[in-house]
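Take a look at the letters that make up each chain.
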Amino acid sequence: MRVVVLGSGVVGVTTAYYLAADGHETVVIDRQPKAGLETSYANAGLIAPGHVYSWASPRAPKILLQSLWRSDAALKFRLKADPRLWLWSLRFLANCTAARNRANTLRKLSLCLYSQAQLAALARDTAVEYHAIRKGLLYLYRDPAHFETGTANMRLLQEHGLELQAIDPARIVALEPALAAAQGKFVGAIYAPSDESGDCLKFTQGLAAVAAGRGVDFKHEHEVRRIEQQGGRITGIVTDKGRVEGDAYVLALGSYSPILARPLGLDLPVYPVKGYSLTLPLAEGAGTAPLIGGVDEANLVAYAALGDRLRLTATADFAGYDTSYAASHFAGMLRVARELFPQAAAYDKPDYWACLRPMTPDGPPIIGRCKIANLYLNTGQGHMGWTMAAGCSRIVADLIAGRAPAIDIAGLTLDRY
């Protein structure tokens, strides 16, 4: 079978790899000159089942409301005359009950654990190097009440197969000596021993090279203009460089998936949420760089060492398809980085980046079949695309091959809306 994959981020590339491994003739189309140059380019680097909680929770409406006037909020909701934002928001609010939050979190957890196992197998089978650190992640708390809430919430994940430990400041520093200077700022942490970190871009481009070596045709610098359909089937992809045809198609364009799906009569409830990342070169001979990644929960700043660089990410900004940024947007991240790891990095050499996370209103991604017979969806992974990519892509490849997925995909398909 000839399969056309739209998108060469980490999700699209892993999909293409699995399809080629199944013996399909596989084509990947992307507007960028190389794989992984949009949302996968400079993400947090965390592979984090321990941070899988659905954003739609009973606490979320208050947080969104406060973001309207707080300039320092990690989540920024902007009042805009965008009907798609309002529809997405209504669906989000409908999922902010305790029962729906629990169900959505557990769906995500099952997928993330499966995906992590698939990623480990991929790394073994391909020998792709991506600065992987498999020593767990730390979720750091500064406030006793917040820590108490975090430890109460972690029991849900523990009950469903994820090892988590509530630890004190002394144990934090024992696990991560680089945090010694900031030890007094934290009341405790949740340690997830099986969580990981790694360079998503390095992985994506390395896997793309492997896939290309196995026959995958990457058509980079091809702008998709439209998807053509007839008789309930996709008949071809029109790009600025010509038409591409296949027997089956996979839509893996992240936040841009809804734009191309809309003319096909598909309503994909995926909205772009802008995230900001900061990359710093490690100081020469720095012995104070973090050994493992983590999240400062008070500031919602994630960090990870990626080879000779320190990556930090923060902020969820409902700004539509705007990817612009200014140096001022990164001031909070720089402050937190200096506070946590004062000697670790060259703070005068920041590299700034902003990208669009494809968020669904309930949290789980949208994968699998839809009403168009030969179109498969693999989008909406939100801020956990790196964690979910291998699992989502394996599932889509299984469905195309006519195999039953290894996990239950109820609640992950488009028909849940």
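The numbering scheme is per chain: residues are counted from 1 as the chain's sequence reads. In keeping with the model being predicted, local features are shown solely for residues with a pLDDT of at least 70 and side-chain atom pairs are shown and tallied solely at 80 or more, while totals for entire chains, interfaces and linings include all residues. Only hydrogens and water are removed before side-chain values are computed, so all heavy atoms of the structure are retained for them.

Draft legend 1. Representation of the pattern of salt bridges. Note on definitions: salt bridges are taken to be side-chain nitrogens of Lys or Arg within 4 Å of carboxyl oxygens of Asp or Glu. Under the definition given, this model contains 20 salt bridges. A salt bridge links arginine 142 to aspartate 296, with the nearest nitrogen and oxygen atoms 2.6 Å apart. With arginine 142 in the loop between strand S5 (137-141) and helix H5 (144-159) and aspartate 296 in strand S15 (residues 293-296), this pair connects stretches of sequence that are 154 residues apart. With its nearest N and O atoms 3.4 Å apart, the salt bridge here joins glutamate 339 to lysine 185. Of this pair, glutamate 339 sits in helix H9 (residues 331-340) while lysine 185 is found in the loop between helix H6 (169-175) and strand S7 (188-192), placing the two residues 154 residues apart along the sequence. Glutamate 339 gets classed as partly exposed once you look at its relative accessible area, which sits at 23%. Relative accessible area serves as the criterion here: at 37%, lysine 185 is assigned to the partly exposed category. Think of it this way: any DSSP run of H or I at least four residues long counts as a helix, any run of E at least two long counts as a strand, and we number them from the N terminus. Under the scheme applied here, a residue whose accessible area is under 20% of the maximum for its type counts as buried, over 50% as exposed, and between as partly exposed, the area being computed with a 1.4 Å probe on protein chains only.

Draft legend 2. Summary view of the state of the cysteines. Whenever a pair of cysteine sulfur atoms sits within 2.5 Å, that pair is classed as a disulfide. Within the structure shown, the criterion is met by zero disulfides. Note on cysteine 96: no disulfide assigned, nearest cysteine sulfur contributed by cysteine 112 at a separation of 19 Å.

Draft legend 3. Spatial organisation of helix H3 (residues 83-94). Multiplying 1.5 Å by the helix residue count minus one yields the expected span of that helix. With 12 residues, H3 should reach 16 Å at 1.5 Å per residue; the first-to-last C-alpha distance of 17 Å fits that figure. Any pair of nitrogen or oxygen atoms within 3.5 Å is treated as a polar contact; in protein, a donor-acceptor pairing is required on top of that, and neighbouring residues in sequence qualify only through side-chain atoms on both sides. Capping the start of H3 is the job of one residue whose side-chain oxygen sits 3.0 Å from the backbone nitrogen of arginine 84: aspartate 82.

Draft legend 4. Quick look at the pairing of S7. Judged by how many residues are buried, S7 sits mostly within the fold: five of five residues are covered. Of the two faces of S7, both are covered, the one formed by Gly188, Ile190 and Ala192 as well as the one formed by Ala189 and Tyr191. Of the strand pairs in this sheet, S5 and S7 are connected by five bridges, and their pairing is antiparallel. Bridge pairing in S7 places tyrosine 139 opposite isoleucine 190. Only strands that DSSP links by at least two bridges are regarded as paired with each other.

Draft legend 5. Broad picture of the sheet that holds strand S20 (residues 375-379). Within the open sheet, the six strands sit side by side as S9-S2-S1-S13-S20-S19. Their pairing is mixed. Each edge of the open sheet is held by one strand with a lone partner, namely strand S9 (217-219) and strand S19 (366-369). Strand after strand, the sheet turns through a mean of 20 degrees between neighbouring axes, direction not considered. The pairing of strand S2 (residues 25-29) with S9 spans three bridges and is parallel. What sits directly across from valine 27, in S9, is aspartate 217. Across the sheet, helix H10 (residues 385-401) lies against strand S1 (2-6), strand S13 (248-251), S19 and S20, angled at about 175 degrees from S20, the strand it touches most. Under this scheme, a helix contributes an axis fitted over its contacting stretch, all axes are lines through C-alpha atoms, and angles between N-to-C directions fall in the 0 to 180 degree range. Any two residues whose heavy atoms approach within 4.5 Å are treated as being in contact.

Draft legend 6. View of the sheet that holds strand S12 (residues 242-244). The three strands are arranged S10-S11-S12 in an open sheet whose pairing can be described as antiparallel. Two strands close off the open sheet at either side, each with one partner strand: strand S10 (224-230) and S12. Shown here is a sheet whose adjacent strand axes are inclined to one another by a mean of 25 degrees, direction ignored. Across six bridges, S10 lies against strand S11 (residues 233-239) in antiparallel orientation. By the bridge assignment, glutamine 230 is partnered in S11 with arginine 233.

Draft legend 7. Representation of unusual backbone geometry in the model. A positive phi angle is found at histidine 131, which is not glycine, with a value near 55 degrees. With respect to the helices and strands, histidine 131 occurs in the loop between helix H4 (98-126) and S5. Positive phi is not limited to glycine here, since threonine 315 has a value of about 80 degrees. Note on placement: threonine 315 falls in strand S17 (residues 309-318).

Draft legend 8. The packing of aromatic side chains, seen in detail. Two rings from Phe, Tyr or Trp (for Trp, the six-membered ring) form a pair when their centres sit within 6.5 Å of each other. Planes less than 30 degrees apart are called stacked, planes more than 60 degrees apart edge-to-face, and all others tilted. In total, this model carries 14 aromatic pairs according to the counting rule given. Ring geometry for tyrosine 130 versus phenylalanine 203: centroids 5.3 Å apart, planes at 80 degrees, classification edge-to-face. Of this pair, tyrosine 130 sits in the loop between H4 and S5 while phenylalanine 203 sits in helix H7 (residues 200-213); the two residues are 73 residues apart in sequence, bridging distant segments of the chain. Judged by relative accessible area, which is 2%, tyrosine 130 ranks as buried. Taken together, a centroid distance of 4.3 Å and an interplanar angle of 15 degrees make the contact between phenylalanine 330 and tyrosine 352 stacked. In this pair, phenylalanine 330 sits in the loop between S17 and H9 while tyrosine 352 sits in strand S18 (residues 351-359), placing the two residues 22 residues apart along the sequence. Clustering of aromatic rings is evident, with ring pairs tying together Trp88, Phe92, Tyr271 and Phe318. Placement of a positive charge over a ring is assigned whenever Lys NZ or Arg CZ falls within 6 Å of the ring centre and within 35 degrees of the normal to the ring plane. The lysine or arginine in question, arginine 31, covers the ring of tyrosine 256, its NZ or CZ lying 4.6 Å from the ring centre.

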